[in-house]
Amino acid sequence: MPIPRILAALCLLAALAGVAAAQERTGEMARELGSRPIDVTADRVSADSVRNTVTFEGNVVARQADVTLYADRVEAYYSREAGAIDRIEALGNVRFVQEGREARSPRATFHNLEQRIVLSGGATLRQGQNTVQGETLTIFLLENRSVVTGGKDGGRVKAVINPKGIVETTPK
């Protein structure tokens, strides 16, 4: 796999990390984030031009601006037909961190052509003391919205929201 494809994969990986952790960013801002430099470290990296993939394995840490993605393994899949990265999969201990927000799940998939991220296997999104948990967290990048589902067999979504700015009143 030529070096430009590896760099393209890394750019999209960074866009994935940025938007998953900061879902309120607009699509245009997310694309701007994807053009910034990325620092990726891992125990191993391999490229497979037959399968059109780039794989980072072992203690993967990808940093771009104020966004960091951690995972055991990250694999990017290139679509020759589309001429772009089709999807990026992060597996094992997936964690996105950005500006006091953190999303965790065992697995995350970025569907580039659809601009959609799916965190699955039990996802938790945390900001300060507020948390949302469910089986799956789906982030629609172009629509700037997300959906959390509870899973099969009647699984439910759990949210803990801590109100801010409670005004204290003094009895008269």
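Now for a look at the structure at hand. On a predicted model such as this, the values are computed, not experimentally measured, just so you know. Just so you know, the residues in each chain are numbered from 1, in the order the chain's sequence is written. Per-residue local features of the predicted model are confined to residues with pLDDT of at least 70, and side-chain atom pairs are confined, for both listing and counting, to 80 or more; whole-chain, interface and lining totals are unaffected and use all residues. Computation of side-chain values covers all heavy atoms of the structure but excludes hydrogens and water.

1. Notes on the overall build of the protein
Reasoning step 1: Numbering of helices and strands runs from the N terminus, with a helix taken as a DSSP run of H or I at least four residues long and a strand as a DSSP run of E at least two residues long. From N to C terminus, the protein includes 2 helices and 10 strands.
Reasoning step 2: Ordered by position from N to C terminus, the α and β elements of the protein give α-α-β-β-β-β-β-β-β-β-β-β.
Reasoning step 3: Per-residue accessibility, obtained with a 1.4 Å probe over protein chains only, is compared with the maximum for each type, and a residue is labelled buried under 20%, exposed over 50%, and partly exposed between these values. With 172 residues in all, the protein has 42% of them scored as buried.
Reasoning step 4: By definition, residues are in contact when any of their heavy atoms lie within 4.5 Å. In the protein, 41% of the contacts between residues at least 6 apart in sequence involve partners at least 24 apart.
Reasoning step 5: Accessible surface computed for the protein: about 9700 Å², of which carbon and sulfur atoms make up 50%. In these tables, accessible area is a Shrake-Rupley quantity obtained with a 1.4 Å probe, and a residue counts as shielded only by the protein chains included in the view.

2. Concerning the pairing of strand S4 (residues 67–79)
Reasoning step 1: The buried fraction of S4 amounts to 10 of the 13 residues, a majority that puts the element mostly inside the structure.
Reasoning step 2: Sheet analysis places strand S3 (residues 53–64) next to S4, joined by 10 bridges and oriented antiparallel. Paired with Phe 56 across the strands is Val 74, a residue of S4.
Reasoning step 3: Strands qualify as paired when DSSP identifies two bridges or more between them. Where S3 hands over to S4, the hairpin turn is made up of 2 residues, of which Ala 65 adopts a positive phi near 55 degrees.
Reasoning step 4: Pairing geometry for S4 and strand S5 (residues 84–98), over 11 bridges, is antiparallel. The residue bridging Tyr 78 from the neighbouring strand is Ile 85, located in S5.
Reasoning step 5: The loop that links S4 with its antiparallel partner S5 comprises 4 residues; one of these, Gly 83, has a positive phi angle of about 70 degrees.

3. Considerations on the packing of aromatic side chains
Reasoning step 1: Any pair of Phe, Tyr and Trp rings, taking the six-membered ring for Trp, is counted once the centres come within 6.5 Å. Such a pair is stacked with planes under 30 degrees apart, edge-to-face with planes over 60 apart, and tilted for the rest. Tallied over the full model, the rule gives 0 aromatic pairs.
Reasoning step 2: Put simply, a charge is over a ring when the Lys NZ or the Arg CZ is close to the ring centre, within 6 Å, and near the line of the ring normal, within 35 degrees. Over the aromatic face of Tyr 70 sits the side chain of Arg 95, whose NZ or CZ is 4.1 Å from the ring centroid.
Reasoning step 3: Positioned over the ring face of Phe 140 is Arg 145, at 4.1 Å from the centre of the ring.

4. Describing the pattern of salt bridges
Reasoning step 1: Put simply, a salt bridge is a Lys or Arg side-chain nitrogen that is within 4 Å of an Asp or Glu carboxyl oxygen. With the rule as written, the count across this model stands at 11 salt bridges.
Reasoning step 2: Close ionic contact of Arg 51 with Glu 75 constitutes a salt bridge, the shortest N to O distance being 3.1 Å. Of the two residues, Arg 51 is situated in the loop between strand S2 (44–48) and S3 and Glu 75 in strand S4; the sequence distance between them amounts to 24 residues.
Reasoning step 3: Taking relative accessible area as the criterion, Glu 75 reaches 4% and is therefore assigned buried.
Reasoning step 4: As a salt-bridge pair, Arg 73 and Glu 57 come within 2.6 Å of each other at their nearest N and O atoms. Placement of the pair is Arg 73 in strand S4 and Glu 57 in strand S3, with a sequence separation of 16 residues.
Reasoning step 5: According to the relative accessible area criterion, Arg 73 is partly exposed, its value standing at 26%.
Reasoning step 6: The structure contains a network of salt bridges with shared partners spanning Arg 44, Arg 51, Glu 57, Arg 73 and Glu 75.

5. Structural notes on the pairing of S2
Reasoning step 1: Both S2 and S3 contribute to a ladder of 5 bridges, which runs antiparallel. Residue pairing across strands places Ala 47 opposite Val 54, the latter belonging to S3.
Reasoning step 2: Between S2 and S3, which follow one another and run antiparallel, lie 4 residues, and Asn 52 among them has a positive phi close to 60 degrees.

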